[in-house]
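# Commentary on secondary and tertiary structure
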Amino acid sequence: MFNTAYLLETPHQKAVLRLGPVNRHLLLPKGIPTSTVLALNTSRTFLDRDLMIVAYLPTDSMADAGLPKAEIARLSRQAGELTRKMHAITAADLPVTPEKPYGRFSLVLSGRGAATWREAILQEATQWQAFASRVSLFSETELALRRFWTP
């Protein structure tokens, strides 16, 4: 749901359109390999989600690549190490410390972050509740439980 990606092909170039709250360009200072960011828009004027277009990198899944078990283990460990680095990123790693540093990076960078973690969690819960209502994910009784996390 948050990492929707589409392959875009033209006669001249391949690119990947990513939709969601991802700002991978922030990860470069941590030494995490990423695609080149071609375009980024967090204004939500085109869609109700952030969007990013990155350069296409031709790849094969490990399951389809026919790799030896030792190589799969090495690559899995490397992926785990990179994930650990991503999870260690904080607002202090940003080029400028934002006024409202809590929440998703895309919201923080666009000035729509939260001043506290409580506020950030309530923002997230409110978005999920709105989504759940639109798609009738929960019954009215279940939605009434929202009162326990309303500010």
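Everything numeric in this text was worked out from a predicted model, so none of it was measured. (Residues numbered from 1 in each chain as written. Predicted model: local features only at pLDDT ≥ 70, side-chain atom pairs only at ≥ 80, totals over all residues. Heavy atoms only, no water.)

Next up on the list: the overall build of the protein chain. Helices and strands together make up the secondary structure of the protein chain, namely 4 helices and 4 strands. N-terminal to C-terminal, the α/β element order of the protein chain is β-β-β-β-α-α-α-α. Counting every position in the protein chain, which comprises 151 residues, the buried fraction comes to 21%. Long-range pairs, those at least 24 residues apart, make up 42% of the contacts in the protein chain between residues at least 6 apart in sequence. When the accessible surface of the protein chain is summed, it comes to about 10600 Å², and 59% of that surface belongs to carbon and sulfur atoms. (Helix = DSSP H or I, 4+ residues; strand = E, 2+ residues; numbered from the N terminus. Buried < 20%, exposed > 50% of the residue type's maximum accessible area, 1.4 Å probe, protein only. Contact = heavy atoms within 4.5 Å. Areas by Shrake-Rupley, 256 points an atom, 1.4 Å probe, with all protein chains shown as cover.)

This paragraph deals with helix 3 (residues 117-134). The end-to-end C-alpha distance of helix 3 is 26 Å, a good match for the 26 Å that 18 residues give at a rise of 1.5 Å each. Among the residues of helix 3, Ala-120, Leu-122 and Ala-132 are the ones counted as buried. Looking one or two places after helix 3, you find Ser-136, whose phi comes out positive at around 55°. (Expected span 1.5 Å × (residues − 1).)

A few words now on the pattern of salt bridges. Applying the stated criterion across every chain yields a total of 1 salt bridge. When the shortest N-O distance is used, the salt bridge between Glu-71 and Arg-74 registers 2.8 Å. Residue Glu-71 and its partner Arg-74 are both found in helix 1 (residues 69-87); the two are separated by 3 residues, about one turn of the helix. Owing to a relative accessible area of 45%, Arg-74 belongs among the partly exposed residues under this scheme. (Salt bridge = Lys/Arg side-chain N within 4 Å of Asp/Glu carboxyl O.)

In this section: the confidence of the model for the protein chain. Per-residue confidence for the protein chain averages 76 on the pLDDT scale, and 79% of its residues sit at or above 70. Between the elements of the protein chain, mean pLDDT differs from a low of 72, seen in helix 4 (residues 140-144), to a high of 89, seen in helix 1. In the model, residues 21-28 has pLDDT below 50 throughout and makes 29 contacts with residues more than four positions away in sequence or in other chains. (pLDDT = per-residue confidence, 0-100.)

This part takes up the environment of Ala-15. Relative to the assigned elements, Ala-15 resides in strand 2 (residues 14-19). Between the C-alpha atoms of Ala-15 and Val-54, which are 39 residues apart in sequence, the distance is 5.8 Å. Every residue in contact with Ala-15, bar those within four places of it in the chain, is listed here: Tyr-6, Leu-7, Leu-8, Leu-38, Ile-53, Val-54 and Tyr-56.

This paragraph deals with the environment of Ala-132. One can find Ala-132 in helix 3. Accessibility expressed as a relative area gives 1% for Ala-132, which makes it buried.

This brings us to a nonpolar patch on the surface. A cluster of nonpolar residues, Val-135, Leu-137 and Phe-138, forms a patch on the protein surface that exposes about 270 Å² of accessible area. Topologically, Phe-138 is positioned in the loop between helix 3 and helix 4. (Patch = residues over 30% accessible without salt bridge, like charges linked within 9 Å, V, L, I, M, F, W, Y side chains within 5 Å.)

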